[in-house]
Every structure is written in structure tokens, then in C-alpha cells.
Amino acid sequence: MPGGPIPGGRQFWRRLRAERAALAGGAVVALLVLVAVAAPLLAAVEGQDTTSYHAALLDSRAGAVPLGHFGGVSGTHWLGVEPGTGRDLFARLVYGARTSLAVAFGATILQVVIGTAFGLAAGLGNRAVDGLLSRVADIFVTLPALVFAIALLAVVPGGFPRPLLLALVLGLLAWGGVAKIVRAQVLAQKSLDYVAASRLAGSSGWRTARRELLPALVAPVLTYAAILLPGNIVSEAGLSFLGIGVNPPTASWGQMLSTASTWYQADSAYVLLPALLLLVTVLAFTVFAEGVRVALDPRSRSRLRIGTRKGGAS
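Model, not experiment: these values are computed from the prediction. (Residues numbered from 1 in each chain as written. Predicted model: local features only at pLDDT ≥ 70, side-chain atom pairs only at ≥ 80, totals over all residues. Heavy atoms only, no water.)

As for the packing of aromatic side chains
Part 1 of the reasoning: This model, assessed by the stated rule, comprises 5 aromatic pairs.
Part 2 of the reasoning: Centroid distance Phe140 to Trp175: 4.6 Å. Interplanar angle 35°. Geometry classified as tilted. Taken together, the positions of Phe140 in helix α5 (residues 127-142) and Trp175 in the loop between α7 (162-173) and α8 (176-190) put the pair 35 residues apart, joining distant regions of the chain.
Part 3 of the reasoning: In this structure Phe140 comes out as partly exposed when scored by relative accessible area, which is 24%. (Phe/Tyr/Trp six-rings, centres within 6.5 Å; stacked < 30°, edge-to-face > 60°. Helix = DSSP H or I, 4+ residues; strand = E, 2+ residues; numbered from the N terminus. Buried < 20%, exposed > 50% of the residue type's maximum accessible area, 1.4 Å probe, protein only.)

So, a nonpolar patch on the surface
Part 1 of the reasoning: A surface patch of nonpolar side chains, about 350 Å² in accessible area, is lined by Leu146, Ile150, Phe241 and Leu242.
Part 2 of the reasoning: Relative to the elements of secondary structure, Phe241 occurs in helix α10 (residues 205-241).
Part 3 of the reasoning: Taking relative accessible area as the criterion, Phe241 reaches 40% and is therefore assigned partly exposed. (Patch = residues over 30% accessible without salt bridge, like charges linked within 9 Å, V, L, I, M, F, W, Y side chains within 5 Å. Areas by Shrake-Rupley, 256 points an atom, 1.4 Å probe, with all protein chains shown as cover. Salt bridge = Lys/Arg side-chain N within 4 Å of Asp/Glu carboxyl O.)

Here's the deal with the packing of helix α4 (residues 89-124) against α5
Part 1 of the reasoning: In contact at an axis separation of 7 Å, α4 and α5 are set at 150° when each is read in the N-to-C sense. It follows that α4 is roughly antiparallel to α5 by the angle criterion. Note on packing geometry: the crossing formed by α4 with α5 is left-handed. Residues Phe118, Ala121 and Ala122 of α4 form the contact with α5, whose own contacting residues are Val129, Asp130, Leu133, Ser134 and Val136.
Part 2 of the reasoning: Taken together, the residues of the contact of α4 with α5 sort by class into 6 nonpolar, 1 polar and 1 charged. (Axes fitted to C-alpha atoms, helices over the stretch in contact; angles between N-to-C directions. Parallel < 35°, antiparallel > 145°, perpendicular 65-115°, else oblique. Left-handed = near helix turned anticlockwise from the far one by under 90°. Contact = heavy atoms within 4.5 Å. Nonpolar A, V, L, I, M, F, W, Y, C, P; charged D, E, K, R; others polar.)

Quick look at unusual backbone geometry
Part 1 of the reasoning: In the Ramachandran plot, Ala64 falls in the positive-phi region, its phi being about 70° despite a non-glycine side chain.
Part 2 of the reasoning: Take Ala64: its relative accessible area is 18%, and that puts it in the buried class.
Part 3 of the reasoning: For Phe70, which is not glycine, the phi dihedral falls at a positive 55°.
Part 4 of the reasoning: Here Phe70 is to be found in the loop between β2 (65-66) and α4.
Part 5 of the reasoning: Taking relative accessible area as the criterion, Phe70 reaches 68% and is therefore assigned exposed.

These figures come from the coordinates and say nothing about function on their own.
If you want it as C-alpha cells, here you go:
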């Protein structure tokens, strides 16, 4: 993880522009976020919504499979309709992007806030405080978060908003890694001259943390947050796939995959579209996170660079 203060804006963008794969990943991420934000507008342009049933577009004799080719693609249903329900697939996919990204961003923000607070408290505290908080963080690092998330989601009343609940559960169970990274950075920064000078000048622990330590934590925390995001997207999709995540009729890629698992032979497009979007999203966030890591830490060499140097070894 990168250490030290975050580079200046121009310096950061210059380094990031050198990572072409990261720029491509960032462009895909920006496009996905734009689609999620503009989901109502995109569905309105198509003239469809996520809940209307279109029974006339299904072949009842074949088990409610969409009529026509590629899942019933037409001028009014750009990606076809769902088998069994006839709901518009394009509208559900773009709204599913909104659900998946909202849960992932909410969970990541919560993980960063809790983890940074714990890491700062542990790094700045005395030996007893550090030991106690570090053991708590260790518990959450080794905790089987997905198993506990399943248990918590199963007992919460159904009336609670499921996307919000998913973000809370994922955020509250998976902040231990952030806490350990922040604690390690704080312990390393505490021994540096500028932190010691701040303390000798009479600054309180909170003032030193706010003015001296937090700026140095931006790079490692931002990088780790970019890595957490795709993991949270997969976790939301997995929980929805298991049937304990987002409840119908709210659209979610994981929920669509769960339903599509029974239709993969009759309508392969219904399986491939949400699976492909999930794959592209996770890959784009992962590649972009790698580029951010390299741009924030010039000492590291990007794992994205593949090939050989001129006249030398790879």
C-alpha cells in the first residue's frame, strides 16, 4: 500500500494517464455510474419500466419463453423480456446497476469510516488501547462475513429496505482490513519528524491526527477502498442470488442471475446479460483500483504492464 502524503492533483493525473488499462477501467466505471444514475431516464426513453408484465410476448406452450430471437429483442424491448414474467430486461438491467452500485458504495463508505476510526484510535492509543482495538479488528478480519450476513439478513423483518440493509450489514462486518492498514500507517507516521514536531508544539492527539496523519492516510485508504468496491458488488450479487438480498420487484443483477439459473437452456441471453455486466463491472473496478494504487505510489510498479523492455528483460 502506498504511504506518505497524497501527491498533488496534477502529479496524480499525470501518473494515472500513463496507465492506459486503468484509464479504460475508469471510463467503464464512469459509464456504469452514469447508467445507474440515469436509469429512470433510460427506461423512459425506451418506454418501459421494471414491473410491467407482458404476457403476450411469452410463448405459453413452450413454458413462458419469450417469443422471437434473443429473448424477444425488438424496437420496444431493446434487450428482450424476462422469461416467465415478460418484464422488460433492459429496464431491469439498468435499475439493477443502480441497486448493485448503491449497495457497494454504501458498504465501502461505511467500511472506510469505521476502519479509519478504529485504526486511528489503535495507532494513537496506549499499549492497552492498541491491544484491545487490534484484537477486535482481528476478529472482524477473520470473521466469515458472508455467513454472518446471511444470518443477519434472514432474521431482519422484511419491511426494512433491503438495499440499505445490505449496505449496513456488509459495511459493519468487513471493516477490519481498513482498520489494520490505517493502524500500520499511523504507527509508521508517528515516528516521523513532522508528527513529533506537532506533538512537541503542544497539539492534542486529535489535532495531530487531523492535520498531520489523516492527509498521509488518504492514499492507502483510497486505494484499499477501490479494491473493496468490487468485492462488495460480488457480495451483494451473491446474497441476492441466494435469495436473501434484494427482494422482488426491486431489480438486482444477483437476483436476476438467481432467477435466470432455471432458464439458462431455454433463454441463454437472460443468463448471459447480467453475468456479463457483473463481470465487466468487477473487472473495471479492479483494473482502475490498480491504476490508482500505482498513481498514488510512484515507487510501485504496475502489475498491469505486461511485456518486455527494449533490449532487456521483462
